[in-house]
Amino acid sequence: MTENRVKRIGILTSGGDAPGMNAAVRAVVRTAIGQGIECIGIRRGWHGMINNDFVPLDASSVSHIINKGGTMLYTARSEDFRAEAGRAKALTCCKLLGLDAIVAIGGDGTFRGAQALSKQAQEAGMPLQVVGIPATIDNDIGCSQYTIGFDTACNTAIECIDKLRDTMQSHERCSLVEVMGRHAGFLALSVGIAVGATAVLIPERDVDFQRDVAEKIRQARLAGTTHYMIVVAEGAGSAMDFAAQIREQVGIDPRVTVLGHIQRGGTPTVRDRETASRMGYEAVQALLNNKGNCVIAYQNGRIVDIDMETAFRMTKGLDQERCEVLEAMTNRRANGF
Ligand code: F6P
């Protein structure tokens, strides 16, 4: 191992919050302190770094947060940080605090901000390592098969949809439920499989209303079902618009529920607490090993670090096997049930 230069880490959470972010903060702090590294929490993400909004973190300041949703460090989306002038202010804050590394917990935008800051720091002759930990309920980070918060968000969504199903069943209605996921369908796909949806609409597949909605409802009706649950990824279109089409073209009067930000809250599941703890630990190991700029990722059950440039080039699509399972469960005519 080369000599460890890291003495003080800044930790922040940025972008949309995700259940398990707190567990990641805790793991970074506890691992770092165990190695004699000081930790400073930057509040409100990159916005806080521009505005010198920080709090020193010791081992006890991260007690009793592993079970909490949200983020104790607060989060924000910062427009100012996108500009060089904003990042220059952030670098002044890094200098003031004597930070030689930053652990940024969030999504793609958070990591790109981290990389831009590090580049600007190097140009100013100020070495700054940055490590990204993927945390977003969207699960849309190309280099990591899993992102912190996804499992909890899926569980929150299925709990709500199970409740909806009770009333939809009683009234023999059609329900459209819009789930989050930004431009990706990971959340909708997993949730759709888990609730036994009649149809699932995802942005990765062009929606053909007749094939993907009307026909699935007809098949279900012919099979004797009198209520229908349609899961819509927000990136696939508006559940309201699909409801209007159902009303006009299928002749039934559906109800729409947009789950919205409720999916971002709640007690993190074991998967999210454990993954966050493992990733937080690994982030500090990467710094101890002078890995430079990297993203911590989940790959085939293991937690690894991937160089940031390489990580940005990596993409991931929806899992083919899950798509096949969904098709087998929703295409009644083709599958004879
Ligand atoms: O990225 C997480 C996410 O919850 C997306 O699923 C959603 O599209 C977006 O954030 C909502 O952003 P905001 O909280 O800024 O409304």
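A. Spatial organisation of the overall build of the chain. For the chain, the helix and strand inventory stands at 12 helices and 11 strands. Computed over its C-alpha atoms, the radius of gyration of the chain comes to 22 Å, within 12% of the 20 Å expected for a compact globule of 337 residues. When its C-alpha atoms are laid out on the principal axes, the chain stretches across 70 × 35 × 30 Å. Of all 337 residues assigned to the chain, the portion counted as buried reaches 53%. For the chain, the share of sequence-separated contacts (at least 6 apart) that also reach a separation of at least 24 residues comes to 76%.

B. Summary view of the sheet that holds strand E10 (residues 294-299). Taken in spatial order, the seven strands line up as E3-E2-E1-E4-E5-E10-E11 in an open sheet, and their pairing is mixed. Strands at the two margins of the open sheet, each flanked by one partner only, are strand E3 (54-57) and strand E11 (302-307). Taken over all neighbouring pairs, the strand axes of this sheet differ in orientation by 25° on average, direction set aside. Sheet analysis places strand E1 (residues 8-13) next to strand E4 (residues 101-106), joined by five bridges and oriented parallel. Following the sheet pairing, isoleucine 11 is matched in E4 by valine 103. Against the sheet, helix H9 (residues 270-288) touches E1, E4, strand E5 (129-134), E10 and E11, its axis set at about 140° to E10.

C. Spatial organisation of the nonpolar core. One finds Ile11, Val103, Ile105, Ile133, Ile217, Ile230 and Ile246 to be the most contacted residues of the largest nonpolar core, which totals 82 residues. Those residues within four positions of isoleucine 217 in sequence are excluded, and the remaining contacts are Cys174, Thr198, Tyr228, Ile230, Ile246, Val250 and Ile252. With 31 residues, the next largest nonpolar core counts Met49, Phe81, Met126 and Val295 among its residues.

D. The sheet that holds strand E9 (residues 255-258), seen in detail. On the basis of which strands lie adjacent, the open sheet formed by four strands has the order E7-E8-E6-E9 and parallel pairing. Both edges of this open sheet fall to strand E7 (199-201) and E9, since each of them pairs with a single strand only. Looking at each pair of strands side by side, their axes are set apart by 20° on average, direction ignored. The sheet contacts of helix H8 (residues 239-249) involve strand E6 (174-179), E7, strand E8 (228-233) and E9, and relative to E6 the element is tilted by about 160°.

E. Seen up close, the site of the ligand. Lining the immediate environment of the ligand, one finds Arg77, Thr136, Asp138, Met180, Gly181, Arg182, Glu234, His261 and Arg264. Between the ligand and aspartate 138 there is a distance of 2.6 Å, counted from an oxygen atom to a side-chain nitrogen or oxygen. Within the backbone of glycine 181, one N or O atom sits 3.1 Å away from an oxygen atom of the ligand. Taking 400 Å² as the accessible area of the ligand by itself, protein coverage stands at 74%. Residue composition of the shell around the ligand, by class: one nonpolar, three polar and five charged.

F. A look at the environment of alanine 32. Its place among the elements puts alanine 32 in helix H1 (residues 21-34). Here the alpha-carbon distance between alanine 32 and alanine 59, two residues 27 residues apart in the chain, equals 9.5 Å. Leave out the neighbours within four places in its chain, and alanine 32 touches Ile9, Ile37, Cys39 and Val284.

G. Region of the structure containing the state of the cysteines. The tally for this structure, following the rule as stated, stands at zero disulfides. Lacking any disulfide linkage, cysteine 154 is separated from the closest cysteine sulfur, that of cysteine 160, by 12 Å. Residue cysteine 294 stays outside any disulfide, its sulfur separated by 9.8 Å from that of cysteine 143, the closest cysteine. Note on cysteine 294: relative accessible area 1%, which makes it buried.

H. Fine view of H1. Between its first and last C-alpha atoms H1 spans 20 Å; for 14 residues at 1.5 Å apiece the expected length is 20 Å, and the two agree. H1 sits mainly inside the fold: 10 of its 14 residues count as buried. The inward-facing, buried residues of H1 contact E1, strand E2 (38-42), E3, E4, E5 and H9. Positive backbone phi, at 80°, marks glycine 36, one or two positions downstream of H1.

I. Highlighting the pattern of salt bridges. Counting across every chain of the model gives 16 salt bridges. With a shortest N-O distance of 2.7 Å, aspartate 17 and arginine 264 are connected by a salt bridge. Here the residue aspartate 17 occupies a position in the loop between E1 and H1, and arginine 264 occupies one in the loop between E9 and H9, the gap between them amounting to 247 residues. Just as aspartate 17 is buried, arginine 264 falls in that class too. Residues arginine 112 and aspartate 108 are paired through a salt bridge, measuring 3.6 Å at the closest nitrogen-oxygen approach.

J. Structural context of the packing of aromatic side chains. Applying the stated criterion across every chain yields a total of three aromatic pairs. With centroids separated by 6.3 Å and ring planes inclined at 70°, the aromatic side chains of tyrosine 146 and tyrosine 298 adopt a geometry described as edge-to-face. Pair noted here: tyrosine 146 is in the loop between E5 and helix H5 (150-171) and tyrosine 298 is in strand E10, with a separation of 152 residues, a long-range link. Of the two residues examined, tyrosine 146 and tyrosine 298, each falls in the buried class. Through a chain of ring-to-ring contacts, the aromatic side chains of Tyr146, Phe150 and Tyr298 assemble into a single cluster. Cation over ring: lysine 316 sits above phenylalanine 186, and NZ or CZ is 4.9 Å from the ring centre.

Definitions and limits used
- Residues numbered from 1 in each chain as written.
- Predicted model: local features only at pLDDT ≥ 70, side-chain atom pairs only at ≥ 80, totals over all residues.
- Heavy atoms only, no water.
- Helix = DSSP H or I, 4+ residues; strand = E, 2+ residues; numbered from the N terminus.
- Rg over C-alpha atoms; globule rule 2.2 N^0.38 Å.
- Buried < 20%, exposed > 50% of the residue type's maximum accessible area, 1.4 Å probe, protein only.
- Contact = heavy atoms within 4.5 Å.
- Pairing = 2+ DSSP bridges.
- Axes fitted to C-alpha atoms, helices over the stretch in contact; angles between N-to-C directions.
- Core = buried A, V, L, I, M, F, W, Y, C linked by side-chain atoms within 4.5 Å.
- Near = heavy atom within 4 Å.
- Polar contact = N/O pair within 3.5 Å; in protein donor to acceptor, adjacent residues only side chain to side chain.
- Areas by Shrake-Rupley, 256 points an atom, 1.4 Å probe, with all protein chains shown as cover.
- Nonpolar A, V, L, I, M, F, W, Y, C, P; charged D, E, K, R; others polar.
- Disulfide = S-S within 2.5 Å.
- Expected span 1.5 Å × (residues − 1).
- Salt bridge = Lys/Arg side-chain N within 4 Å of Asp/Glu carboxyl O.
- Phe/Tyr/Trp six-rings, centres within 6.5 Å; stacked < 30°, edge-to-face > 60°.
- Lys NZ or Arg CZ within 6 Å of the ring centre and 35° of its normal.

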